Amino acid sequence: MPDSWEEYFEKKRAEQDVYEPEVQRMWHNIDKELKRPAIRWRSWLSKAAIAVGVIFAVGWFVRHEMMMQAQINSLAAINKELAQQETSYINQVNLKWDEFKSMPSVDIELDRMLLDELALLDTIYNNGLNDIKQHGYNERAVLIMLDTYEKRLRIIERLISEKRKTQKNENKSQQISI
Amino acid sequence: MSQSINLTEQIIERCKCGDERARYALYQQYVKPMYNVAYRILGNQFDAEDVVQDAFVKAFKKINTLKEFKALTSWLKQIVVNEAISLVRKQKKMQLISEYVDEVPDVEVEEMADGLPIKQVMKTIQELPDGARIVFTLRAIEGYRFNEVAELTGQTVNNCKVQFHRAKKILNNQLKTILYA
């Protein structure tokens, strides 16, 4: 036997290709494969998957935003910070309103005017809310809505002050008549 | 010789431009040695044909990356070997069979036998177990080093050496029987 098979094959290199390929048939297959249009399935699939993913995500986001907007019925529904601010304002307004209500009813012209203004502030607040529902969050509408609370507080304080004045005047006139 | 090199260079340049006739010329020149490389590794005609076809398709598609035309033969052979080993791995033909080495009796080396008919030797090699045949072919015929064989086949260098030793033992055993029959 050969001492070294490596040497044996080196010497027989010219003879070692003993198998005959089917040249024409193999070429036919190679040629067919080379002429086939290169469809980069993997690349196309990954691009399609990314596109579907993006469309799905955008669609979901838009739908979610639209649903969220449609459900907004106060500033508190927009974010936590606004919720805190609005709750604080509502508490202050309620306290003042309770105070105003607890005072004896006095029918004066100014009271009616101020109550009309409160109703107008409700309309402004609702307009701001509708604007956010239709066009999404916007800073200007939020500021206007928060401002309605400030104005409400001032109007109620004014109402309370007017009632106190009227009461004082009534008390004085009673003392004088006595 | 220089004319032949010049011609090959021209063929390669035309292949790079997508010339079909040049491709065919290159194919005709190299198909037999490449088919034999694949056959020796895979041990059957069908797998060898598939691998050679895939290798030529790959080579023609990537021929622009071939910088040095003199390296064409080794470049092409490397593609064929890689494709063949890839198929072997897919078919899970490489097995760790070192434990069977001792079952084959040692045969005394009595003489150099350059006169051994190559066809008979090749036929005997094809009868070797897959792992042993692949390692033996890559090492003894294709001229790869053991570390290269290990890298190609995904086995350890020691395992490759064991497979090679086993192949040699079986070959010597089989050929001695034929030679002295």
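Not measured: the values here are computed from a predicted model.

Quick word on the overall build of chain B
So, step 1. Counting secondary structure elements, chain B contains eight helices and zero strands.
So, step 2. Shown N-terminal to C-terminal, the secondary structure of chain B runs as helices and strands in the order α-α-α-α-α-α-α-α.
So, step 3. Put simply, chain B has 181 residues, and 35% of those count as buried.
So, step 4. The long-range fraction of contacts in chain B, counting pairs at least 24 apart against all pairs at least 6 apart in sequence, stands at 68%.

A short note on the nonpolar core
So, step 1. Core analysis: the biggest nonpolar cluster contains 50 residues, and B:M34, B:A38, B:V52, B:V80 and B:A84 have the highest contact counts within it.
So, step 2. Considering every element that reaches this core, the biggest residue donor is helix α2 (residues 20–42) of chain B, with ten residues.
So, step 3. Membership of the second largest hydrophobic core comes to five residues, among which are A:Y125, A:A141, A:V142 and A:M145.

Topic: the packing of helix α2 (residues 23–35) of chain A against α2(B)
So, step 1. Close contact between α2(A) and α2(B) brings their axes to 11 Å; oriented N to C, the two are set at 135°. Viewed along their axes, α2(A) and α2(B) adopt a mutual orientation that is oblique. The handedness of the crossing between α2(A) and α2(B) is right-handed. Seen from α2(A), the contacting residues are A:V23, A:M26, A:W27 and A:I30; seen from α2(B), they are B:Y24, B:Y27, B:Q28 and B:V31.
So, step 2. A breakdown of the residues in the contact of α2(A) with α2(B) according to their chemical character gives seven nonpolar, one polar and no charged.

Observations concerning α2(B)
All names here are of chain B.
So, step 1. Between its first and last C-alpha atoms α2 spans 29 Å; for 23 residues at 1.5 Å apiece the expected length is 33 Å, and the helix comes up short by more than 12%.
So, step 2. At V31, α2 shows its strongest bend, of approximately 50°, with the proline P33 following within four residues.
So, step 3. Where α2 ends, the next residue or the one after it, G43, has phi of about 80°, a positive value.

Details of the packing of α2(B) against helix α4 (residues 72–90) of chain B
Residues and elements named next belong to chain B.
So, step 1. One can describe the packing of α2 onto α4 by two numbers: an axis separation of 10 Å at closest approach and a directional angle of 30°. As the angle between them shows, α2 and α4 are arranged roughly parallel. The handedness of the crossing between α2 and α4 is right-handed. In this structure, α2 uses Y30, M34, V37, A38, I41 and L42 to contact α4, whose residues at the interface are L76, K77, V80, V81, A84, L87 and V88.

Considering the environment of A:K151
So, step 1. Looking at the element boundaries, A:K151 is found in helix α6 (residues 139–177).
So, step 2. As a C-alpha pair, A:K151 and A:L121 span 30 residues in sequence and 7.9 Å in three-dimensional space.

Focus on the interface of chain B and chain A
So, step 1. On the side of chain A, 22 residues touch chain B, which itself brings 30 residues to the contact.
So, step 2. Within the residue set of the side of chain B that touches chain A, elements represented by two or more residues are α2, α3 (45–61), α5 (118–126), α6 (130–141) and α8 (157–179) of chain B.
So, step 3. Per element, the largest residue contribution to the side of chain B that touches chain A is nine residues, and it comes from α2(B).
So, step 4. When grouped by side-chain class, the residues that make up the side of chain B that touches chain A number 20 nonpolar, four polar and six charged.

Notes on the confidence of the model for chain A
So, step 1. Per-residue confidence for chain A gives a mean pLDDT of 83; residues scoring 70 or more make up 90%.
So, step 2. Averaged over each element, pLDDT in chain A is lowest for helix α3 (residues 41–71) of chain A (82) and highest for α2(A) (92).

Notes on α3(B)
Structural remark: α-helix, 3.6 residues per turn; residues separated by three or four positions point the same way.
So, step 1. The first and last C-alpha atoms of α3(B) sit 24 Å apart over 17 residues, in line with the 24 Å expected at 1.5 Å per residue.
So, step 2. Along α3(B), the positions that sit buried rather than exposed are B:A48, B:V51, B:V52, B:Q53, B:D54, B:A55, B:F56, B:A59 and B:F60.

Cut-offs and rules
- Each chain has its residues counted from 1, following the order in which its sequence is written.
- All chains are assigned letters beginning with A, and all ligands numbers beginning with 1, in the order in which they are written.
- Thresholds applied to this predicted model are a pLDDT of at least 70 for local features of residues and 80 or more for the giving and counting of side-chain atom pairs; totals over whole chains, interfaces and linings are not thresholded and use all residues.
- Helix and strand definitions follow DSSP, with helices as H or I runs of at least four residues and strands as E runs of at least two, each counted in order from the N terminus.
- With C-beta atoms placed from the backbone, a residue is labelled by how many other C-beta atoms lie within 10 Å of its own: buried for 20 or more, exposed for 12 or fewer, partly exposed between the two.
- Two residues qualify as being in contact provided that their C-beta atoms, derived from the backbone, are within 7 Å of each other.
- The term nonpolar core means buried Ala, Val, Leu, Ile, Met, Phe, Trp, Tyr and Cys residues held together as one set by C-beta atoms within 7 Å.
- Note on geometry: axes are C-alpha line fits, over the in-contact stretch for helices, and angles between N-to-C directions span 0 to 180 degrees.
- For classification, angles of less than 35 degrees are called roughly parallel, those exceeding 145 degrees roughly antiparallel, those between 65 and 115 degrees roughly perpendicular, and all remaining angles oblique.
- Working rule for handedness: look at the near helix, and if it is turned counterclockwise from the far one by less than a right angle, call the crossing left-handed; if clockwise, right-handed.
- Amino acid classes used here: Ala, Val, Leu, Ile, Met, Phe, Trp, Tyr, Cys and Pro are nonpolar; Asp, Glu, Lys and Arg are charged; the rest, including Gly, are polar.
- Here the expected span of a helix is defined as 1.5 Å times the quantity of residues minus one.
- Here the bend at a residue is taken as the angle between two axes, fitted respectively to the seven residues that end there and the seven that start there.
- Each residue carries a pLDDT value, the predictor's own confidence for that position, ranging from 0 to 100.

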